Amino acid sequence: QHYPSAHIDVVDIDPQIIDLAKQFFNFAENASLRSYAQDGRLFIESNQIPYDLIFLDAFNEVGIPKHLTTKEFLLAMKKALKPSGVIIANLWSTPKLNPLYKSMLRTYQEVFAEVYTLRVRTAGNKIVIALPKFRGMSLNSITQSAQQISAQIPLPFDLSELLKLGLVKLIDLQDSPILLDGDQ
């Protein structure tokens, strides 16, 4: 609606989720919006056209599948991005729900040039923003860019206000292990 020229691919491993979205949330595929019932990692690894933006929200009732947390997967996502692209991922940050949280962030740090986290008000999750190339923008300039976007596009929320809640450039997590495919 807000970006009519955007081409969007939606991937979910469970075809029933796509069916439910069509039935209850007016999800309708067209030339610009396509859905795929496939494992997200397989989709990303077979991708041929680079994306400007990849959203990753892969939690289920038991957490995020391990194969979507590893360095190898993040390298595949980075390869699936344009150099100016961005990964936005949702991670549970509560240690009880996600004991691998710090290692997941450390793994993002290992793969991406810049990594930020954004606190989500009234929730136990954080949004991770990962950039494949170093841009060196200050937190203030990121917030100003968000204000410009909100002024240009009538979103149902003020993007800059969301960033003011707690955008943080990720600190060095060298003491946390990097997650790899071969780990058990």
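Now for a description of the structure that goes with this document. The shown structure was predicted, so the numbers you read here are calculated from the model rather than taken from an experiment.

1. A look at the overall build of the chain
Piece 1. In terms of helices and strands, the chain carries six helices and seven strands.
Piece 2. When the helices and strands of the chain are placed in sequence order, the string is β-α-β-α-β-α-β-α-β-β-α-α-β.
Piece 3. Radius of gyration (C-alpha) of the chain: 17 Å, near the 16 Å computed for a compact globule of 184 residues.
Piece 4. Based on the C-alpha atoms only, the size of the chain along its principal axes is roughly 45 × 40 × 35 Å.
Piece 5. The burial tally for the chain puts 38% of its 184 residues in the buried class.

2. Overview of the packing of aromatic side chains
Piece 1. In total, this model carries two aromatic pairs according to the counting rule given.
Piece 2. Look at Y108 and F112: their rings are 6.0 Å apart centre to centre, the planes differ by 25°, and that puts the pair in the stacked class. Each member of the pair, Y108 together with F112, is buried.

3. Points about the pattern of salt bridges
Piece 1. Following the criterion strictly, the structure yields eight salt bridges and no others.
Piece 2. The shortest N-O distance in the salt bridge between E29 and K22 comes to 2.7 Å.
Piece 3. Taking the relative accessible area as the measure of exposure, E29 reaches 36% and is therefore partly exposed.
Piece 4. K22 gets classed as partly exposed once you look at its relative accessible area, which sits at 36%.
Piece 5. With a closest N to O distance of 3.2 Å, K169 and E114 form a salt bridge. Here the residue K169 occupies a position in strand β7 (residues 167-169), and E114 occupies one in strand β5 (residues 114-119), the gap between them amounting to 55 residues.

4. A look at the nonpolar core
Piece 1. Counting 30 residues, the largest nonpolar core has I54, M77, I87, L91, Y108 and F112 as its most contacted members.
Piece 2. Broken down by secondary-structure element, the contributors of at least two residues to this core are α2 (40-45), β3 (51-56), α3 (71-79), β4 (81-92), α4 (101-111) and β6 (125-131).
Piece 3. Ranked by residue count, the leading element in this core is α4, at five residues.
Piece 4. Not counting residues up to four positions away in its chain, the partners in contact with L91 are F59, Y101, M104, L105, Y108, G124, N125, K126 and V128.
Piece 5. Grouped together as the second largest cluster of nonpolar side chains are ten residues, L131, I142, A146 and L163 included.

5. Focus: the side chain of T70
Piece 1. Relative to the elements of secondary structure, T70 occurs in the loop between β3 and α3.
Piece 2. Residue classification places T70 among the buried positions, given a relative accessible area of 4%.
Piece 3. At a separation of 3.4 Å, a polar atom in the side chain of T70 contacts the side chain of R41.
Piece 4. Reaching out from T70, the side chain makes a polar contact with the side chain of D181 at a distance of 2.8 Å.
Piece 5. Beyond its immediate sequence surroundings of up to four residues, T70 is in contact with R41, T107, L179, L180 and D181.

6. A word on the sheet that holds β4
Piece 1. What the five strands build is an open sheet, ordered β3-β4-β6-β5-β7; its pairing is mixed. Sheet topology places β3 and β7 at the edges, where each strand pairs with a single neighbour. The sheet shows a mean angle of 20° between the axes of neighbouring strands, direction not considered.
Piece 2. Two elements, β5 and β6, share six bridges in a ladder whose sense is antiparallel. Note on β6: the bridge partner recorded for T117 is V128.
Piece 3. Strand contacts of α4: β3, β4, β5 and β6, with the helix running at about 175° to β4, the strand carrying the most contacts.

Each value, and the rule that gives it
- Residues numbered from 1 in each chain as written.
- Predicted model: local features only at pLDDT ≥ 70, side-chain atom pairs only at ≥ 80, totals over all residues.
- Heavy atoms only, no water.
- Helix = DSSP H or I, 4+ residues; strand = E, 2+ residues; numbered from the N terminus.
- Rg over C-alpha atoms; globule rule 2.2 N^0.38 Å.
- Buried < 20%, exposed > 50% of the residue type's maximum accessible area, 1.4 Å probe, protein only.
- Phe/Tyr/Trp six-rings, centres within 6.5 Å; stacked < 30°, edge-to-face > 60°.
- Salt bridge = Lys/Arg side-chain N within 4 Å of Asp/Glu carboxyl O.
- Core = buried A, V, L, I, M, F, W, Y, C linked by side-chain atoms within 4.5 Å.
- Contact = heavy atoms within 4.5 Å.
- Polar contact = N/O pair within 3.5 Å; in protein donor to acceptor, adjacent residues only side chain to side chain.
- Pairing = 2+ DSSP bridges.
- Axes fitted to C-alpha atoms, helices over the stretch in contact; angles between N-to-C directions.

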